[in-house]
Amino acid sequence: MIGIFDSGIGGLTVVKEVFRQLPDYRVVYFGDTARTPYGTKSPETITKYALQDAKFLVEQGAKVIVIACHTASSVAADEIKKQIPIPVFEVVSPAIAKAKQITKHKRLGIIGTRATINSEIYQDRLNQGDSGLVIKTQACPLFVSLVEEGWLDKSETKTIAKKYLFPLKREKVDTLILACTHYPLIREVIQQKIGKKVMIVDPAVEVVAKMREFLKHQPEIEHQLIRDADHKFFFSDVVDKTQYIVREWLERPIKVEKHSLE
Ligand code: DGL
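From a predicted model like this one, the values you see are computed outputs, not experimental measurements.

Here is what the cut-offs are and how they apply
- Residues numbered from 1 in each chain as written.
- Predicted model: local features only at pLDDT ≥ 70, side-chain atom pairs only at ≥ 80, totals over all residues.
- Heavy atoms only, no water.
- Helix = DSSP H or I, 4+ residues; strand = E, 2+ residues; numbered from the N terminus.
- Buried < 20%, exposed > 50% of the residue type's maximum accessible area, 1.4 Å probe, protein only.
- Polar contact = N/O pair within 3.5 Å; in protein donor to acceptor, adjacent residues only side chain to side chain.
- Salt bridge = Lys/Arg side-chain N within 4 Å of Asp/Glu carboxyl O.
- Core = buried A, V, L, I, M, F, W, Y, C linked by side-chain atoms within 4.5 Å.
- Contact = heavy atoms within 4.5 Å.
- Pairing = 2+ DSSP bridges.
- Axes fitted to C-alpha atoms, helices over the stretch in contact; angles between N-to-C directions.
- Parallel < 35°, antiparallel > 145°, perpendicular 65-115°, else oblique.
- Left-handed = near helix turned anticlockwise from the far one by under 90°.
- Nonpolar A, V, L, I, M, F, W, Y, C, P; charged D, E, K, R; others polar.
- Right-handed = clockwise from strand over helix to strand, strands pointing away.
- Phe/Tyr/Trp six-rings, centres within 6.5 Å; stacked < 30°, edge-to-face > 60°.
- Lys NZ or Arg CZ within 6 Å of the ring centre and 35° of its normal.

(A) Fine view of the side chain of Thr13. Here Thr13 shows up in helix 1 (residues 12-21). The class of Thr13 is buried, set by a relative accessible area of 13%. Among the polar contacts made by the side chain of Thr13, one reaches the main-chain carbonyl oxygen of Thr181 at a distance of 3.0 Å.

Here it is as structure tokens:
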């Protein structure tokens, strides 16, 4: 199976992309809803949780893993790659590659959770070599709650987006990475407030494209993946909203199961 995990429900944006680009394969998803959010936690706690999430997916039969969560990708990907014996994809590298490819004036903006922005992984990676890039980052912690409340198009969301994005607009970024699972769901508001000429990178699209390429060139791994639609969706806590959101976001009748990692 293709294993995908996230701190909660946000990683469903990556599942949606897997269903679009790799529709033949069975997916096993784990959302750590009991311990979400990760974006406000320390690197030690995030790494501990993310490792447990990844190990659970391996136990379930995953043959490749996608860390859908940007916070976990930014803070814990190296440790996960060290400890997990199967290919692991994270969302940071493919997003960076795409942003570098499309920026016209080398002015990049990155928005994410506090933990993602504080990790400084984007500055570290982008500044390797003499990049000449101007990089402006901004934590947008309220976006996660707004999306989970379904406030995708409310005036309050627009006001908050305008405030968060103003410093990036002032820096005249020409490319913006949506470095959080939830942000693609308010992409239109973000585009409106950052300006219509700014190019937006959706890391979900990029990470799945990278995995698709990988599977093309690694038939021995591709052959291990089950080809059917008997997907498994586990969450460490399940409330009425969980089932509802999974169905709404993925637009198919998927049953969720509860699995605690405690
Ligand atoms: N999934 C997280 C991310 O992409 C957002 C939610 C959280 O803070 O846990 O960074």
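Read on for the rest.
(B) Geometry of the pattern of salt bridges. The final tally for this structure, using the stated rule, is 14 salt bridges. Its salt-bridge partner being Arg20, residue Glu17 comes within 2.6 Å of it at the nearest N-O pair. Taken together, the residues span about one helical turn, with Glu17 and Arg20 both in helix 1 at a distance of three residues. Taking relative accessible area as the criterion, Glu17 reaches 9% and is therefore assigned buried.

(C) View of the nonpolar core. Judged by nonpolar contacts, the single largest core of 53 residues is most densely connected at Ile2, Ile4, Leu12, Ile111, Phe143, Ile190 and Phe233. Core analysis: the next-biggest nonpolar cluster, separate from the first, contains 26 residues, Val28, Ala54, Ala62 and Ala77 among them.

(D) Broad picture of the side chain of Glu222. Within the secondary structure, Glu222 is located in helix 11 (residues 219-222). On the accessibility criterion, Glu222 (12% relative accessible area) is buried. Ignoring anything within four residues of it in the chain, the contact list for Glu222 reads Tyr25, Leu215 and Arg227.

(E) The environment of Phe56, seen in detail. Of note, Phe56 is situated in helix 2 (residues 43-59). Discounting residues that sit within four places of it in the chain, Phe56 has contacts with Phe30, Phe234, His259 and Leu261.

(F) Spatial organisation of the sheet that holds strand 6 (residues 134-139). Ordered in space as 6-5-7-8, the four strands form an open sheet in which the pairing is parallel. Two strands close off the open sheet at either side, each with one partner strand: strand 6 and strand 8 (199-201). Ignoring strand direction, the axes of neighbouring strands in this sheet form an average angle of 20°. In terms of strand pairing, strand 7 (residues 175-179) meets strand 8 through three bridges, oriented parallel. The residue bridging Ile177 from the neighbouring strand is Val201, located in strand 8.

(G) Here's a closer look at the packing of helix 1 against helix 12 (residues 240-250). Put simply, helix 1 and helix 12 touch, their axes get as near as 10 Å, and they point 40° apart. The angle between helix 1 and helix 12 falls in the class oblique. Helix-helix and strand crossings are classified by hand; for helix 1 and helix 12 the assignment is right-handed. Of the residues in helix 12, those touching helix 1 at Leu12, Thr13, Val15, Lys16 and Phe19 are Ile245, Val246, Trp249 and Leu250. When the residues that make up the contact of helix 1 with helix 12 are grouped by side-chain class, the tally is seven nonpolar, one polar and one charged.

(H) Structural context of the pairing of strand 7. Counting buried residues along strand 7, five of its five residues qualify, which places the element largely inside the surrounding structure. Of the two faces of strand 7, the one carrying Thr175, Ile177 and Ala179 and the one carrying Leu176 and Leu178 are both buried. As paired elements, strand 5 (residues 107-112) and strand 7 share five bridges and run parallel to each other. Note that in strand 7 the partner of Gly109 across the bridge is Leu176. Note on the crossover from strand 7 through helix 9 (residues 187-194) to strand 8: the handedness is right-handed.

(I) Geometry of the packing of aromatic side chains. Throughout the structure, instances matching the rule amount to eight aromatic pairs. Where Phe89 meets Phe214, the ring centres are 5.2 Å apart and the plane angle is 75°; that geometry is what we call edge-to-face. Of this pair, Phe89 sits in strand 4 (residues 88-90) while Phe214 sits in helix 10 (residues 203-217), placing them 125 residues apart in sequence. With 5.2 Å between their ring centres and 90° between their planes, Phe143 and Tyr183 make a pair best called edge-to-face. Note that Phe143 is positioned in helix 7 (residues 142-148) and Tyr183 in the loop between strand 7 and helix 9, a separation of 40 residues in sequence. Of the two residues, Phe143 and Tyr183, both sit in the buried class. Taken together, the ring pairs connect Tyr29, Phe233 and Phe235 into an aromatic cluster. The ring of Tyr49 carries the charged tip of Arg35 above its face, separated from the ring centre by 3.8 Å. The ring of Trp151 is capped by Lys154, whose NZ or CZ atom sits 5.2 Å from the centre of that ring.

Keep in mind these values describe shape, not function.
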